[in-house]
Amino acid sequence: MAAMSGFEESYKAAREGFGLCDLGEEGRLKVTGPDALEAVNALFSKDLMSVLPGAGIMGLFLRDNGEVLALATVFVDEDENIYVFTEADTAEALARHLSEHLRERDVELEDLSETHGLLSVLGPKAQEAMVEFAGEDILGLPYLGFEHNERIDQKIFRMGGCGEFEYRLLVPRQDVERLNEEILSLQTPVSPVRIDPQVMPVLELEMRTIRHADIPEGATPIDMGLHWMIDFRKESFPGSEAVRQAKEAPSRRAVMVSFEPGSAVEKGDELFIEDRCMGEVLRVVPSLTLGRPVGLALTDPEFGWVGVHFLRRSTASKEEEDVCRVTSAPLFITQTALQS
Amino acid sequence: MTAEVNAELTLEHNRLIAARRRELSERLKKVLIERLSLDLEPSEIADDTALFGAGLGLDSVDALEVAIAVENEFGVSITDNDMHVLRSINTILDFIEERQGQA
């Protein structure tokens, strides 16, 4: 099997060409049975009953107090079977949560990670590559759509939290290696690259797609700016009352922050205005497109607005400080967006 | 640290920046909710939410309505060449502030 590319080559492929990323660690569950759709819908922050067969929706599984248990993308097929994708960090907790709550419903819960691999074909040239690989029908697959592709006899889910074309193939384990080879051998104008999965969180944060690990204990989806993952008109779901209350008076604001090129900023560094600590850095990544570190920070709600400048102070070395600025997301227009 | 950077780091300066941005944000959200008949309140829209796709779920027809709403409310034109600014509430506000700063 081809060797994995380094960080920079992986990033470049994802932002300028295309590559293949093995997402085998990510969570993937399947819920089937007569009650599947209704049962999962009752636990989800968005309305699954309005999702058309062959489509998906991004949302949250919340605890009763409004805290985020898992961020997930849920797909519904024509037989009302439910596919749930979530991060590696939350896969086990989500499976346990669904198992407990679906116990008395007429459903079966299957952990697909035991039987299926998950491959991502990603980048602005990924759509061209997938046409070559899976046929021209792939052009008709909308964002958050999925299909069983006849040509390669595999399920393909169109996703894209990093702002580029992304096709995820849910593949029986015995086919993973063969499909790896076939995709990496595609004779396309731009050669495919084996993308290091460690580059995915960087690509995602540049588009302000956050991960569960970014959410501090006690922070609500409202604090984190995840309003779009909630259907506030949906009558009831775990945590619904808590998020409705939170949205009226958020106690904090998660914002994207741009740091000086070369800044030694780290997670946990504090943000000041004069002698007032206004927040802290939750995660920082090197944006190769912007040539500077960018990060997610949780701030005082009065000052968490684009244009505000903070003095970042290192928690490791109190003398080390530099200026940073709250900035808009998504941080830049991707090659995929320019093509659309 | 330069005097300009020093000025940017005061509570007073940043309070003004934040208050102006918040006011612009509220105005833009209200105008979009009304113009596009969105079943949302301003407090239910985060400023970095994608306007299209998985965020607010707007489509290309809505894009034209957004451009008209921005021109009517803020006096700033969004031409065909500027449509890339229609990514989130924040990117539209960046454009408005930039154009109003040039006026």
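Since we're looking at a predicted model, the values are computed, not measured. (Residues numbered from 1 in each chain as written. Chains lettered and ligands numbered in written order. Predicted model: local features only at pLDDT ≥ 70, side-chain atom pairs only at ≥ 80, totals over all residues. Heavy atoms only, no water.)

1. Details of the environment of Asp-94 of chain B
Short version of the rule: Note on conventions: DSSP H or I runs of at least 4 residues are helices, E runs of at least 2 residues are strands, and numbering of each starts at the N terminus. Contacts: residue pairs with any heavy atoms within 4.5 Å of one another.
Relative to the assigned elements, Asp-94 of chain B resides in helix H4 (residues 89-102). Along the primary structure Asp-94 of chain B and Gly-75 of chain B are separated by 19 residues, whereas in three dimensions their C-alpha atoms are 14 Å apart. Apart from residues lying up to four places away in sequence, Asp-94 of chain B is in contact with Val-306 and Ser-328 of chain A together with Arg-21 of chain B.

2. A closer look at the pattern of salt bridges
Residue and element names in this part refer to chain A. What counts is decided by this rule: A side-chain nitrogen of Lys or Arg and a carboxyl oxygen of Asp or Glu constitute a salt bridge if their distance falls within 4 Å. The cut-offs for exposure are 20% and 50% of the maximum accessible area for each residue type, with area from a 1.4 Å probe on protein chains only; residues under the lower value are buried, those over the upper are exposed, and the others partly exposed.
For the coordinates displayed, the defined rule picks out 33 salt bridges over all chains. A salt bridge links Glu-92 to Arg-96, with the shortest nitrogen-to-oxygen separation between them at 3.5 Å. Remark: Arg-96 and Glu-92 occur in helix H3 (residues 88-101); sequence separation between them is 4 residues, near one turn of the helix. By relative accessible area, which is 61% here, Glu-92 ends up exposed. A relative accessible area of 45% means that Arg-96 is categorised as partly exposed. Across the pair Glu-320 and Arg-312 runs a salt bridge whose closest N-O atoms are separated by 2.6 Å.

3. Some thoughts on the sheet that holds strand S1 (residues 19-22) of chain A
Residues and elements named next belong to chain A. Selection criterion: When DSSP finds two or more bridges between two strands, those strands count as paired.
On the basis of which strands lie adjacent, the open sheet formed by 6 strands has the order S8-S9-S10-S7-S1-S11 and mixed pairing. A single partner strand is all that each edge strand has here, and the edge strands are strand S8 (146-149) and strand S11 (193-194). Note: strand S9 (residues 154-159) against strand S10 (residues 166-172), 5 bridges, orientation antiparallel. Considered in S10, the bridge of Phe-157 is made with Arg-168.

4. Digging into the side chain of Glu-26 of chain A
Residue and element names in this part refer to chain A. What counts here: Note that His is not counted, nor are the chain ends; the positive residues are Lys and Arg, and the negative ones are Asp and Glu.
By the secondary structure assignment, Glu-26 is in the loop between S1 and strand S2 (27-32). Although Glu-26 lies buried, it forms no salt bridge, and the closest oppositely charged side chain, Arg-211, sits 4.2 Å away as judged by the N-O distance. Apart from residues no more than four positions distant in its own chain, Glu-26 is found in contact with Thr-86, Glu-87, Ala-88, Leu-118, Arg-168 and Arg-211.

5. Some words on the sheet that holds strand S4 (residues 68-76) of chain A
Residue and element names in this part refer to chain A. Condition: Only C-alpha atoms enter the line fits that serve as axes; for helices the fit covers just the stretch in contact. Angles between N-to-C directions range over 0 to 180 degrees.
With antiparallel pairing, the 5 strands of this open sheet are ordered in space as S3-S4-S5-S2-S6. Each having just a single partner strand, strand S3 (55-62) and strand S6 (108-111) make up the two edges of the open sheet. With strand direction ignored, the average angle separating the axes of adjacent strands in the sheet is 25°. Two elements, S2 and strand S5 (residues 82-86), share 5 bridges in a ladder whose sense is antiparallel. In the strand pairing of S5, Val-31 is matched with Ile-82. Lying on the sheet, H3 is in contact with S2, S3, S4, S5 and S6; it crosses S4 at an angle near 80°.

6. Observations regarding helix H4 (residues 126-134) of chain A
Residue and element names in this part refer to chain A. When you tally the buried positions in H4, you get 7 out of 9 residues, the bulk of the element. Elements that come into contact with the buried residues of H4 comprise strand S7 (116-122), S8, S9, S10 and helix H5 (173-184). The first or second residue beyond H4 is Gly-135, which carries a positive phi of 95°.

7. Brief notes about the state of the cysteines
All names here are of chain A. Applied cut-off: Two cysteine sulfurs form what is called a disulfide whenever their separation falls within 2.5 Å.
Following the criterion strictly, the structure yields 0 disulfides over all chains and no others. With no disulfide of its own, Cys-21 has Cys-162 as its nearest cysteine by sulfur position, at a separation of 9.5 Å. In this structure Cys-324 is not part of a disulfide, and its nearest cysteine sulfur, from Cys-277, lies 11 Å away.

8. Here's the deal with helix H2 (residues 36-43) of chain A
Residues and elements named next belong to chain A. A large share of H2 lies buried, amounting to 6 of its 8 residues. Inspection of H2 places Ala-36, Leu-37, Ala-39, Val-40, Asn-41 and Leu-43 among the buried residues, and these make up the whole buried set. Check the buried side of H2 and you find it contacts S2, S3, S4, S5 and H3.

9. Some words on the interface of chain A and chain B
Let me state the cut-off plainly: Here's the idea: put two parts together, see how much 1.4 Å probe accessible area each one loses, and the total over both is what we call buried area. In protein, a polar contact means a hydrogen-donor-capable atom and an acceptor-capable atom, both N or O and within 3.5 Å, with residues adjacent in sequence counting only if both atoms are side-chain atoms; elsewhere, any N or O pair within 3.5 Å suffices. Under the scheme applied, nonpolar residues are Ala, Val, Leu, Ile, Met, Phe, Trp, Tyr, Cys and Pro; charged residues are Asp, Glu, Lys and Arg; polar residues are all the others, including Gly.
With 33 residues of chain A in contact, the opposing surface of chain B contributes 32 residues. Taken over both partners, the interface formed by chain A and chain B buries close to 2800 Å², and the fraction arising from carbon and sulfur atoms is 58%. The tally of links between chain A and chain B comes to 7 salt bridges. For Glu-302 of chain A, the salt bridge identified is with Arg-15 of chain B, shortest N-O distance 2.7 Å. Our enumeration of links across chain A and chain B arrives at 13 residue pairs in polar contact (both at pLDDT 80 or more). Counting residues per element, the ones that place at least two in the side of chain A that touches chain B are helix H7 (240-248), strand S12 (253-258), strand S14 (276-287), strand S16 (309-313) and strand S17 (321-327) of chain A. The greatest single-element share of the side of chain A that touches chain B, amounting to 3 residues, is contributed by S16 of chain A. Tallied by class, residues from the side of chain A that touches chain B come to 19 nonpolar, 5 polar and 9 charged.

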